[in-house]
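Examination of the molecular architecture
Single-letter residue listing:
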Amino acid sequence: MLIVLPDILDPAGVAQVRRVIDAGPWADGNATSGPQAALAKRNEQLPEDSGAAVEAGRMVLDALGRSPLFVAAALPLKVYPPLFNRYAGGQAFDVHVDNAVRLKRGSDFRMRSDLSLTLFLEDPDAYDGGELVVEDLYGEQRVKLSAGSAVLYPASSLHRVEPVTRGARVASFLWIQSMVRDDGERRILFDLDRAVQRVGADKGQGDRSVIELTGVYHNLLRRWADA
Ligand SMILES: O=C(O)CCC(=O)C(=O)O
Ligand SMILES: [Fe+2]
């Protein structure tokens, strides 16, 4: 299941991230790929330990942490430090899967990737192509969002980025280990959370049924979460 997270960064936040990364040391995206991804991937990335990636990554993580929608949808336990990529001049990322387990070189950071996230950092009118295409149970979902908006999708999915034939597509991407590993269970919690928020706004947080439903949410989370 795909979840769109609108306006994770406002235009000023996008501009701030872009100022940092546009001046960064862009390099061939295959510098860090395994052999299968290397066949599929044609883009540029900021080296993950570059000052620009670390500084802009902090901005992206702060913005995600401030988004109740991100937290409710992802129930994050671990987040891979955000990476940054750029496609231009026909570059693309053909169909592939993301690694299930990610290690950060030179550290003891280790995580299971349950969810992938792309945060778009360029105005969609400024480039042609560059749709993120995710294959899920219901077929292909094509995603191209305004600058500052993000999409969460299962890391288990086959996905690709269409060739960019005009302009440049700039994005941040990262992986999340969720407290709730199973997509179906996570979806139930997300739907329940949103419904409880709506009923709470309607009836008031002190309403007895709102409190009981909040209890059901937490009891399901207690059952399903690795915290
Ligand atoms: O550029 C994107 O939106 C996705 C990148 C991607 O799929 C990857 O790096 O594994
Ligand atoms: Fe990917």
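Residues numbered from 1 in each chain as written. Chains lettered and ligands numbered in written order. Predicted model: local features only at pLDDT ≥ 70, side-chain atom pairs only at ≥ 80, totals over all residues.

Summing up its helical and strand segments, the chain has six helices and 17 strands in all. Against the compact-globule benchmark of 17 Å for 227 residues, the chain has a radius of gyration of 18 Å, which places it among compact chains. Dimensions of the chain, computed from the C-alpha atoms along their principal axes, are close to 60 × 35 × 35 Å. A buried classification covers 30% of the 227 residues belonging to the chain. The contacts in the chain between residues at least 6 apart in sequence include a share of 77% that link residues at least 24 apart. (Helix = DSSP H or I, 4+ residues; strand = E, 2+ residues; numbered from the N terminus. Rg over C-alpha atoms; globule rule 2.2 N^0.38 Å. Buried ≥ 20, exposed ≤ 12 C-beta atoms within 10 Å, placed from the backbone. Contact = placed C-beta atoms within 7 Å.)

What follows concerns the UniProt feature "domain: Fe2OG dioxygenase" (unreviewed entry) in the chain. Here the UniProt feature "domain: Fe2OG dioxygenase" (unreviewed entry) sits at residues 78-178. Across residues 78-178 one finds 0% helix and 59% strand; the C-alpha atoms that close the span lie 7 Å apart. (UniProt positions renumbered as here; feature names shortened; annotations may be inferred.)

On to the site of ligand 1, then. The local shell around ligand 1 consists of Asn85, Phe93, Asp98, Thr118, Leu132, His159, Val161, Ala171 and Phe173. Among the secondary structure elements, those contributing two or more residues to the shell around ligand 1 are strand 15 (158-161) and strand 17 (168-178). (Near = placed C-beta within 6 Å.)

This paragraph deals with the domain arrangement of the chain. Its domain assignment divides the chain into domain 1 (3-178) and domain 2 (183-224). Between domain 1 and domain 2, the C-alpha centre-to-centre distance is 30 Å. Taken together, the residues that form the side of domain 1 that touches domain 2 break down as four nonpolar, one polar and no charged. (Domains from an automatic or database assignment. Nonpolar A, V, L, I, M, F, W, Y, C, P; charged D, E, K, R; others polar.)

Attention shifts here to helix 5 (residues 183-203). Each turn of an α-helix holds 3.6 residues, which means side chains three or four residues apart point in the same direction. Taking 1.5 Å of rise per residue, 21 residues should cover 30 Å, and helix 5 covers 30 Å from first to last C-alpha, within 8% of that figure. Buried residues of helix 5: Arg186, Leu189, Asp193 and Val196, and no others. One side of helix 5 carries all its buried residues, which in axial view fall inside an arc of 90°. Exposed residues on helix 5 whose side chains face more than 90 degrees from its buried face are Gly184, Asp191, Ala195, Arg198, Asp202 and Lys203. For helix 5, the elements touching its buried residues are helix 4 (68-74), strand 17 and helix 6 (208-224). Directly after helix 5, the chain includes glycine 204, whose backbone phi takes a positive value near 95°. (Expected span 1.5 Å × (residues − 1). Arc of directions from axis to C-beta.)

As a further point, take the nonpolar core. In terms of nonpolar packing, the biggest core is built from 44 residues, with Ile8, Leu119, Leu121 and Leu152 touching the most fellow members. Elements with a contribution of two residues or more to this core: helix 1 (11-22), helix 3 (51-65), helix 4, strand 6 (83-88), strand 10 (115-120), strand 12 (132-136), strand 14 (150-154) and strand 17. Leaving out residues up to four positions away in the same chain, isoleucine 8 has contacts with Ala63, Leu64, Ser67, Phe70, Leu119, Gly148, Ser149 and Ala150. (Core = buried A, V, L, I, M, F, W, Y, C linked by C-beta atoms within 7 Å.)

Another point: unusual backbone geometry. With a phi angle near 50°, aspartate 7 is a residue other than glycine that sits in the positive phi range. Tracing the chain through its elements places aspartate 7 in the loop between strand 1 (3-5) and helix 1. Here aspartate 7 falls in the partly exposed class, since 17 other C-beta atoms lie within 10 Å of it. Within the chain, leucine 75 stands out as a residue other than glycine whose phi angle is a positive 40°. Note on placement: leucine 75 falls in the loop between helix 4 and strand 5 (76-79). Residue leucine 75 is classed as buried on the basis of its C-beta count, with 24 C-beta atoms lying within 10 Å.

Turning to the packing of helix 5 against helix 6, a few remarks are in order. It is at 10 Å that the axes of helix 5 and helix 6 come closest, and there the two elements cross at 160°. Of the possible angle classes, the one that applies to helix 5 and helix 6 is roughly antiparallel. Crossing handedness for the pair helix 5 and helix 6: left-handed. Contacts between helix 5 and helix 6 involve Glu185, Leu189, Leu192, Asp193, Val196, Val199, Gly200 and Lys203 from the first element and Val210, Leu213, Thr214, Tyr217, Leu220, Leu221 and Trp224 from the second. Its residues assigned to classes, the contact of helix 5 with helix 6 shows 10 nonpolar, two polar and three charged. (Axes fitted to C-alpha atoms, helices over the stretch in contact; angles between N-to-C directions. Parallel < 35°, antiparallel > 145°, perpendicular 65-115°, else oblique. Left-handed = near helix turned anticlockwise from the far one by under 90°.)

It is worth spelling out helix 1 at this point. End to end, helix 1 covers 16 Å across 12 residues, agreeing with the expected 16 Å (1.5 Å per residue, within 8%). Of the residues making up helix 1, those classed as buried are Val14, Val17 and Ile21. For helix 1, the arc enclosing every buried residue in end-on projection is 70°, short of the 170-degree limit, so these residues lie on one face. Across helix 1 from its buried face, at more than 90 degrees, point the exposed residues Pro11, Ala12 and Arg19. Where helix 1 is buried, its residues touch helix 3 and strand 6.

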